[in-house]
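Examining the three-dimensional arrangement
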Amino acid sequence: MALTPYKIHKIRRQLSHGTTAASACTLNAVLKFDGIESPHCVYNEEVAVRLGQTLHIPVAAGVLTTTGDGLAFASLHIEAPGLALPNLIPSRYAKVAKQYPREVAALTVFDILIGNFDRSGNLKASLATPHIAIFCGFDHSHALLNIEEDPLESIARLANNELIVEYHPFYGLLGKDHLSEALDHFALCDESYVKACCRFGKTFRAVSTDLQENLAKALAKRLKKLPAIIAPHRAKMVLPS
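In this report, we go over the structure that sits alongside the text. None of the values given here were measured: they were computed from a predicted structure.

Conventions and cut-offs
- Residues numbered from 1 in each chain as written.
- Predicted model: local features only at pLDDT ≥ 70, side-chain atom pairs only at ≥ 80, totals over all residues.
- Heavy atoms only, no water.
- Helix = DSSP H or I, 4+ residues; strand = E, 2+ residues; numbered from the N terminus.
- Contact = heavy atoms within 4.5 Å.
- Buried < 20%, exposed > 50% of the residue type's maximum accessible area, 1.4 Å probe, protein only.
- Phe/Tyr/Trp six-rings, centres within 6.5 Å; stacked < 30°, edge-to-face > 60°.
- Pairing = 2+ DSSP bridges.
- Axes fitted to C-alpha atoms, helices over the stretch in contact; angles between N-to-C directions.

Brief notes about the environment of Ile11
Looking at the element boundaries, Ile11 is found in strand E1 (residues 8-14). For Ile11 and Thr26, which are 15 residues apart along the polypeptide, the C-alpha to C-alpha distance reads 6.7 Å. Leave out the neighbours within four places in its chain, and Ile11 touches Ser23, Ala24 and Cys25.

Looking at unusual backbone geometry
In this structure, His56 is a non-glycine residue whose phi angle is positive, near 60°. Unlike most non-glycine residues, Arg205 shows phi in positive territory, near 50°. Mapped onto the elements, Arg205 comes out in the loop between helix H6 (191-198) and helix H7 (209-230). Taking the relative accessible area as the measure of exposure, Arg205 reaches 26% and is therefore partly exposed.

A few points about the packing of aromatic side chains
Enumeration over the complete set of coordinates arrives at six aromatic pairs. Judged by centre distance (5.8 Å) and plane angle (25°), the ring pair of Tyr100 and Phe135 falls under stacked. With a gap of 35 residues between them, Tyr100 in the loop between helix H2 (93-99) and helix H3 (101-114) and Phe135 in strand E7 (residues 135-137) connect regions that are remote in the sequence. Accessibility classification places Tyr100 together with Phe135 in one group, the buried group. Ring geometry for Phe200 against Phe204: centres 4.7 Å apart, planes inclined by 50°, an arrangement best described as tilted. For Phe204, a relative accessible area of 4% translates into the label buried. Three or more aromatic residues link up through ring pairs in this structure, and these residues are Tyr93, Tyr100, Phe135 and Phe170.

A few points about the sheet that holds strand E3 (residues 29-32)
Pairing is antiparallel across the open sheet formed by three strands, whose spatial order is E3-E5-E4. Looking along the sheet, the strands with just one partner apiece sit at the ends: E3 and strand E4 (62-67). With direction set aside, neighbouring strand axes in the sheet form an average angle of 35°. By the bridge criterion, six bridges tie E4 to strand E5 (residues 70-76) in an arrangement that is antiparallel. Of the residues in E5, the one forming a bridge with Leu64 is Phe73. This element, helix H1 (residues 41-55), spans E3, E4 and E5 of the sheet and lies at about 50° to E5.

See below:
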């Protein structure tokens, strides 16, 4: 899996003279909040990062932080020294899929798992420098509890074995073997790990513990059903023979 470097804003003082030569620093990030268009954005982003890390999917890291309004999510800026990484445009999708076939297949299956229909534009990749392999997705505010306006309707759609993601930047570009490999990888994940990613043991902003539990059960069920969900749509996902 490609590595994901994050942009240092400033390196400050050295903290010690030990063997690690640790220094304080600050990183660039995009601060995200709950809003009218994405009322469960912070919860969605945190759960998506937890799931991505659990499943070893190339999604950008981020951290919870607090503001005067409560919990917020800081999505770290993806960047390598001396390398510009603008958001991917459609004309580059095929090249990215060819250069990062396993990562692309894994991210596509991940988006289907969480019902993320808003992947377009939310991608970074290094294409011009073969010695620097970077491929990463970010922004999951319109998945999970925000598929529909009502979070219970979003959970119901996830539990009902719908594809949900009718369009994806990498549909039609996946290798057959890479898609199968990604599905096999997801099948190895115990459902208890998926459930744990959704649970916080207390109300998370506007997301009650009941909503968290309902989402946990829906995603665990969806994880098991991924091959059956994808099978009828496989032809539009893979490269033509």
